[in-house]
Amino acid sequence: MPDDELEQLDKARKSSDTLKLRSPITGRVLERNVQEGSYVDPTADLYRIADLSVLWLQAKIYEYELPHVELNQPVQISFQSMPGIKIEGKVAFREPVVQEVMRTVKVRVVIDNPKDEFMPGMYADLEIKHDMGEGLLIPESAVLRTGERNLAFCLLPGNRFEPVDVTPGRGFNDHYQVLSGLQEGEEIVTSAGFLIDAESRLKSATAGMTGHQHGSTSKKEQDKKTPTASGHDHEHGK
């Protein structure tokens, strides 16, 4: 019972059939489960009231992105229902547990909402900027994964291609960081690499069916066995 009700009861020395209950906070009524004159007990939830002047944005960050997310890191927030509007925020909390199925971690960003512009349940996009340093990037389509090896096809003189083992690092959108195997400025195939690999395997298989040849192989003959292709896209590593 509120203090003023207790004082009134002490003065009047008479109980009342009704009791006026006041919310301890000012906010928005989200749920109303009682009417005037209803009988209630201490276990009943009468109203659900929330102060919406400050909201929490719960974002899901993939496990491989965690090294780039830090507390108090500035972020930009855009809402799907409010095109063109972006607000600033900071990472306030990062859950210490990874969701096993989705491999994501929840990140919390505090949003000031003094004008009630934003509402709980809205969808938003969170953009976190992080300095990744410098490194060599190649398109994801340039890497041929065989299960045992990661290959990229380098352009050689005479419109020939050579498979090179590469060590891919972290992914960035549709690109991979290259840790080893390529140098800046080398030209590589960026699409249809699997066709070159298939052609190379086919030539190796058919060469073995035509008979055996003993002795060493000259450099000229080795060049003939190098897979050739035309019309494939290629670009410089950057």
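First, a word on scope: everything that follows refers to the structure included in this document.

Scoring rules and cut-offs
- Residues numbered from 1 in each chain as written.
- Predicted model: local features only at pLDDT ≥ 70, side-chain atom pairs only at ≥ 80, totals over all residues.
- Heavy atoms only, no water.
- Core = buried A, V, L, I, M, F, W, Y, C linked by side-chain atoms within 4.5 Å.
- Buried < 20%, exposed > 50% of the residue type's maximum accessible area, 1.4 Å probe, protein only.
- Helix = DSSP H or I, 4+ residues; strand = E, 2+ residues; numbered from the N terminus.
- Contact = heavy atoms within 4.5 Å.
- Phe/Tyr/Trp six-rings, centres within 6.5 Å; stacked < 30°, edge-to-face > 60°.
- Lys NZ or Arg CZ within 6 Å of the ring centre and 35° of its normal.
- Patch = residues over 30% accessible without salt bridge, like charges linked within 9 Å, V, L, I, M, F, W, Y side chains within 5 Å.
- Areas by Shrake-Rupley, 256 points an atom, 1.4 Å probe, with all protein chains shown as cover.
- Salt bridge = Lys/Arg side-chain N within 4 Å of Asp/Glu carboxyl O.
- Pairing = 2+ DSSP bridges.

A few words now on the nonpolar core. Ile 77, Phe 79, Ile 87, Ile 111 and Phe 118 are the most contacted members of the largest nonpolar core, which totals 18 residues. Counting only elements with at least two residues in this core, the list comes to strand 3 (54–62), strand 4 (74–79), strand 5 (82–94) and strand 6 (104–112). Considering every element that reaches this core, the biggest residue donor is strand 6, with 4 residues. Contact partners of Phe 118, with chain neighbours within four places excluded, come to Leu 55, Phe 79, Met 82, Ile 87, Ile 111, Asp 112 and Asn 113. Membership of the second largest hydrophobic core comes to 12 residues, among which are Ala 152, Cys 154, Val 164 and Val 166.

Next up on the list: the packing of aromatic side chains. A ring pair, where both rings are aromatic, is described by two values, the distance of the centres and the angle of the planes. Scanning the entire structure with this criterion turns up 2 aromatic pairs. Seen in terms of ring centroids, Tyr 62 and Tyr 64 are 6.1 Å apart; in terms of plane orientation they differ by 10 degrees. Their pairing is stacked. We classify Tyr 64 as exposed; its relative accessible area is 54%. Taking the centre distance of 4.6 Å and the plane angle of 15 degrees together, the rings of Phe 79 and Phe 118 count as stacked. Here the residue Phe 79 occupies a position in strand 4, and Phe 118 occupies one in the loop between strand 6 and strand 7 (124–128), the gap between them amounting to 39 residues. Phe 79 sits in the buried class, given a relative accessible area of 7%. A residue is classified by how much of its surface remains accessible, and Phe 118, at 5% relative accessible area, is buried. A cation over an aromatic ring shows up here: Arg 108 above the ring of Trp 56, its NZ or CZ 3.6 Å from the ring centre.

What follows concerns a nonpolar patch on the surface. Among the surface-exposed residues, Met 1, Leu 6, Leu 9, Leu 19 and Leu 21 lie close enough to one another that they form a single nonpolar patch of about 470 Å² accessible area. Relative to the assigned elements, Met 1 resides in the segment before helix 1 (3–12).

Examined against the element boundaries, Asn 150 turns out to sit in strand 10 (residues 150–156). For the pair Asn 150 and Pro 168, spaced 18 residues apart in sequence, the C-alpha to C-alpha distance is 7.7 Å. Once residues within four sequence positions are removed from consideration, Asn 150 is found in contact with Val 143, Leu 144, Arg 145, Val 164, Asp 165, Val 166 and Pro 168.

Next up on the list: the side chain of His 68. Secondary-structure assignment places His 68 in the loop between strand 3 and strand 4. For His 68, a relative accessible area of 14% corresponds to the buried category. Dropping the residues within four chain positions of it, His 68 is found in contact with Gln 73, Ile 128, His 130, Met 132 and Arg 170.

Further remarks concern the pairing of strand 4. Relative to strand 5, strand 4 runs antiparallel, the two sharing 6 bridges. Opposite Ser 78, over in strand 5, you have Lys 86 as the bridge partner. Counting the residues in the hairpin turn of strand 4 and strand 5 gives 2 residues. With 5 bridges joining them, strand 4 and strand 7 adopt antiparallel strand pairing. Looking across to strand 7, one finds that Gln 76 is bridged to Glu 127.

Assignment of secondary structure puts Ala 92 in strand 5. Look at Ala 92 and you get partly exposed, because its relative accessible area is 42%. As for Ala 92 and Val 109, which are separated by 17 residues in sequence, their C-alpha atoms are 5.3 Å apart. Setting aside chain neighbours within four positions, we find Ala 92 in contact with Leu 71, Arg 108, Val 109 and Val 110.

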